[in-house]
Amino acid sequence: MSNKLQQDHYKVSARDKEEAEQYLHGRGAQFNTKNKFLKDEITREHIEGIDDWTDPNVPTQYIEQQSKTIVNKVDSPDVGMAYSMNAYAGCEHGCIYCYARNVHEYWGYSAGLDFERKIIVKMNAPQLLRKQLMHPKWEVMPIMVSGNTDCYQPAEQKYRLTRGLLQVCNEFNHPVGILTKNAWIIKDKDVLQELAQKKLVTAMVSITSFNEELRRVMEPRTATAVQRLRVIEELSNAGIKMGIMMGPMIPGLNDHEMQRIMKSAADAGATFTAYTFIRLNGAIKFLFHDWLYKNFPDRADKVWHMIEQSHDGKVNDTRWGLRMRGEGAIAQIIAQQYKKYGKLYHMNEGRQGLDTTIFRRPGEQGKLF
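Residues numbered from 1 in each chain as written. Predicted model: local features only at pLDDT ≥ 70, side-chain atom pairs only at ≥ 80, totals over all residues. Heavy atoms only, no water.

J.: Kindly report on the overall build of the protein chain, identifying the contributing residues and their values.
T.: Tallying secondary structure elements over the protein chain gives 13 helices and 10 strands in all. Relative to its full complement of 369 residues, the protein chain shows a buried share of 53%. Taking contacts inside the protein chain between residues at least 6 apart in sequence as the whole, the part at least 24 apart equals 79%. For the protein chain, the accessible surface area stands at approximately 18,200 Å², while carbon and sulfur atoms represent 50% of it. (Helix = DSSP H or I, 4+ residues; strand = E, 2+ residues; numbered from the N terminus. Buried < 20%, exposed > 50% of the residue type's maximum accessible area, 1.4 Å probe, protein only. Contact = heavy atoms within 4.5 Å. Areas by Shrake-Rupley, 256 points an atom, 1.4 Å probe, with all protein chains shown as cover.)

Structure, rendered in structure tokens:
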């Protein structure tokens, strides 16, 4: 490959000048998809057939509310968690592939731009967690923060609800897991250190690409990969068990980066890892298709067909055990790489669980046995 071709091989650009001017930079989705739960709404379903339609890049709106519950039981065997809690619904990070987009329809919004621009803030999240843990029938099991949306998205800088949740877990000696792609987690290093000393926390940083041009359009309001590696290094040096999530792996876009991501993360101090294969469920299919053909017109057909080849001719699969890994030759190659490089860089060796034996409710007398 010539130097020029190598330089431009993964260059990201809109299809033409007119489209580039209309592109909503800083957002993943470019329009609102239809909400299947609403009968009457204004949607832009056939983009090419509408004249004089504008989607202004309006500021993010925070919708404060008092919720009834915060801890959710997870029944899926594919995600490796029993419970999750999310202080925010919707996510300003705007990752175009995010499976949580569809959940925003339950709130009466679209999985598209609404998901990124209308963030529901559960103002009483720490109080709800405290109430849950005080219940005498609560069975102690690790709770994953960010089971749906990122707990350190920009809203956290204002509301600090994630810190509140961690403080409650620390007070109760309750195990907790974290998944984020935002460097803001560093601000909670003090609480995380206290939890780590009691073997009550593990944290994962999601890294999908070192290609900054790709990251900027695929995950527009997230930290760079270099920043995420610094997070791993700083928190690992502070005694916090760190891992990486490589998800999703997208054939033709970032699947070739798996080795570099795993090696860089291991060098930074990560000791465990996980990955997912791209799947486009619900409205995400339309959003991702639009995004792919706008940003990668040179290889969009190839990428789309490789995703289909890995999901039995579709871009989504609902079958347990297959939906997050895919099937067929392409998915198998990625799985083999993951296994090979995980072994090479000593990931997931002797991984230990979090401590569930020291849980105590405030004021509760300690147990002798």
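What follows continues from the structure just given.
J.: Hey, could you go over the environment of Asp301 for me, with residue numbers and the actual values?
T.: Locating Asp301 in the fold gives a position in helix H12 (residues 300-309). Residue classification places Asp301 among the partly exposed positions, given a relative accessible area of 45%. C-alpha separation for the pair Asp301 and His289, spaced 12 residues apart in sequence, amounts to 9.7 Å.

J.: Pulling in residues and values, what's your account of unusual backbone geometry?
T.: Outside of glycine, negative phi angles account for most residues, and trans bonds account for most peptide bonds. In this chain, Gly247 is followed by Pro248 through a cis amide linkage whose omega measures 0°. Following the sequence through the fold, Pro248 ends up in strand S9 (residues 241-249). Although it is not a glycine, Asn173 sits at a positive phi angle of roughly 55°. Along the chain, Asn173 turns up in the loop between helix H6 (161-172) and strand S7 (176-180). Not every positive phi belongs to a glycine, and Lys199 is a case in point at roughly 55°. Relative to the assigned elements, Lys199 resides in the loop between helix H7 (189-197) and strand S8 (201-206).

J.: Explain the packing of helix H4 (residues 125-134) against H6 to me, using residue names and the numbers behind them.
T.: Look at H4 against H6: their axes get within 8 Å of each other, and the N-to-C directions meet at 25°. The orientation of H4 with respect to H6, classified from their angle, is roughly parallel. Relative to H6, H4 is oriented so that their crossing is right-handed. Counted together, Ala125, Pro126, Leu129, Arg130, Leu133 and Met134 of H4 and Leu161, Gly164, Leu165, Val168, Cys169, Glu171 and Phe172 of H6 form the full contact between these two elements. (Axes fitted to C-alpha atoms, helices over the stretch in contact; angles between N-to-C directions. Parallel < 35°, antiparallel > 145°, perpendicular 65-115°, else oblique. Left-handed = near helix turned anticlockwise from the far one by under 90°.)

J.: Outline the sheet that holds S9, supporting the account with residue identities and numerical values.
T.: Here we have 7 strands laid out as an open sheet, ordered S2-S3-S6-S7-S8-S9-S10, and mixed in their pairing. A strand with exactly one partner marks an edge of an open sheet, and here the two such strands are strand S2 (71-73) and strand S10 (272-277). Recorded for the sheet is a direction-independent mean angle of 25° between the axes of neighbouring strands. As defined by bridge partners, S8 adjoins S9 across 5 bridges and the pair is classed as parallel. Bridge assignment links Ser206 to a residue of S9, and that residue is Met245. (Pairing = 2+ DSSP bridges.)

J.: Break down helix H13 (residues 329-344) for me, with residues and values.
T.: In an α-helix, one turn spans 3.6 residues; hence positions three or four apart end up facing the same way. Spanning 16 residues, H13 covers 22 Å between terminal C-alpha atoms, matching the ideal 22 Å at 1.5 Å per step. If you check which residues of H13 are buried, you get Ile330, Ala331, Ile334, Gln337, Tyr338, Tyr341 and Gly342. Each buried residue of H13 sits inside an arc of 120° when the element is viewed along its axis, so together they form one side. Opposite the buried face of H13, at more than 90 degrees from it, the exposed residues are Ala329, Lys339, Lys340 and Lys343. Where H13 is buried, its residues contact S9, helix H10 (258-268), S10 and H12. Looking at the residues trailing H13, positive phi occurs at His346, about 60°. (Expected span 1.5 Å × (residues − 1). Arc of directions from axis to C-beta.)

J.: Residues and numbers for a nonpolar patch on the surface, please.
T.: Together, Phe37, Leu38, Val103, Tyr106 and Trp107 line one region of the surface with nonpolar side chains, adding up to about 480 Å² of accessible area. Take Val103: it is sitting in the loop between strand S4 (88-89) and helix H3 (113-117). In this structure Val103 comes out as partly exposed when scored by relative accessible area, which is 32%. (Patch = residues over 30% accessible without salt bridge, like charges linked within 9 Å, V, L, I, M, F, W, Y side chains within 5 Å. Salt bridge = Lys/Arg side-chain N within 4 Å of Asp/Glu carboxyl O.)

J.: Report on the nonpolar core, specifying residues and quantitative values.
T.: Ranked by size, the top nonpolar core spans 99 residues in total, and within it Leu129, Ile178, Ile232, Phe288, Trp291 and Leu292 carry the most contacts. Excluding residues within four positions of it along the chain, Phe288 makes contact with Ile96, Ile250, Ile278, Leu280, Trp304 and Ile307. (Core = buried A, V, L, I, M, F, W, Y, C linked by side-chain atoms within 4.5 Å.)

J.: So what about the packing of aromatic side chains? Which residues, and what values?
T.: Given two aromatic rings, one states the distance between the centres and the angle between the planes to describe the pair. Enumeration over the complete set of coordinates arrives at 8 aromatic pairs. Look at Tyr83 and Trp138: their rings are 4.9 Å apart centre to centre, the planes differ by 55°, and that puts the pair in the tilted class. Here Tyr83, found in strand S3 (residues 83-85), pairs with Trp138, found in the loop between H4 and strand S6 (143-145); they are 55 residues apart in sequence, far enough to count as distant. The exposure class assigned to Trp138 is buried, which follows from its relative accessible area of 10%. Between the aromatic rings of Tyr275 and Tyr338, the centroid separation amounts to 4.7 Å while the plane-to-plane angle is 45°, which identifies the pairing as tilted. (Phe/Tyr/Trp six-rings, centres within 6.5 Å; stacked < 30°, edge-to-face > 60°.)

J.: Break down the environment of Tyr97 for me, citing the residues and quoting the values.
T.: Position of Tyr97 relative to the elements: it lies in the loop between S4 and H3. Taking the C-alpha atoms as reference points, Tyr97 and Trp291, 194 residues apart in sequence, are found 9.7 Å from one another. Side chain to side chain, Tyr97 and Glu219 meet in a polar contact 2.5 Å long. (Polar contact = N/O pair within 3.5 Å; in protein donor to acceptor, adjacent residues only side chain to side chain.)

J.: I'd like a rundown of the side chain of Asn295, residues and numbers included.
T.: Note that Asn295 resides in helix H11 (residues 284-295). By relative accessible area, which is 5% here, Asn295 ends up buried. A distance of 2.9 Å separates polar atoms of two side chains, one belonging to Asn295 and the other to Tyr23. At a separation of 2.9 Å, a polar atom in the side chain of Asn295 contacts the main-chain carbonyl oxygen of Trp291.

J.: Any details on the pairing of S7? Residues and values, ideally.
T.: Of all 5 residues in S7, 4 are buried, a share of seventy percent or more. Inspection of the sheet shows S7 paired to S8 by 5 bridges, in the parallel sense. Residue Leu179 lies in a different strand from S8, and its bridge partner there is Met204. Between the parallel pair S7 and S8, the chain is carried across by H7, and the sense of this crossover is right-handed. (Right-handed = clockwise from strand over helix to strand, strands pointing away.)

Such coordinate-based values are descriptive only and should not be taken to indicate function.
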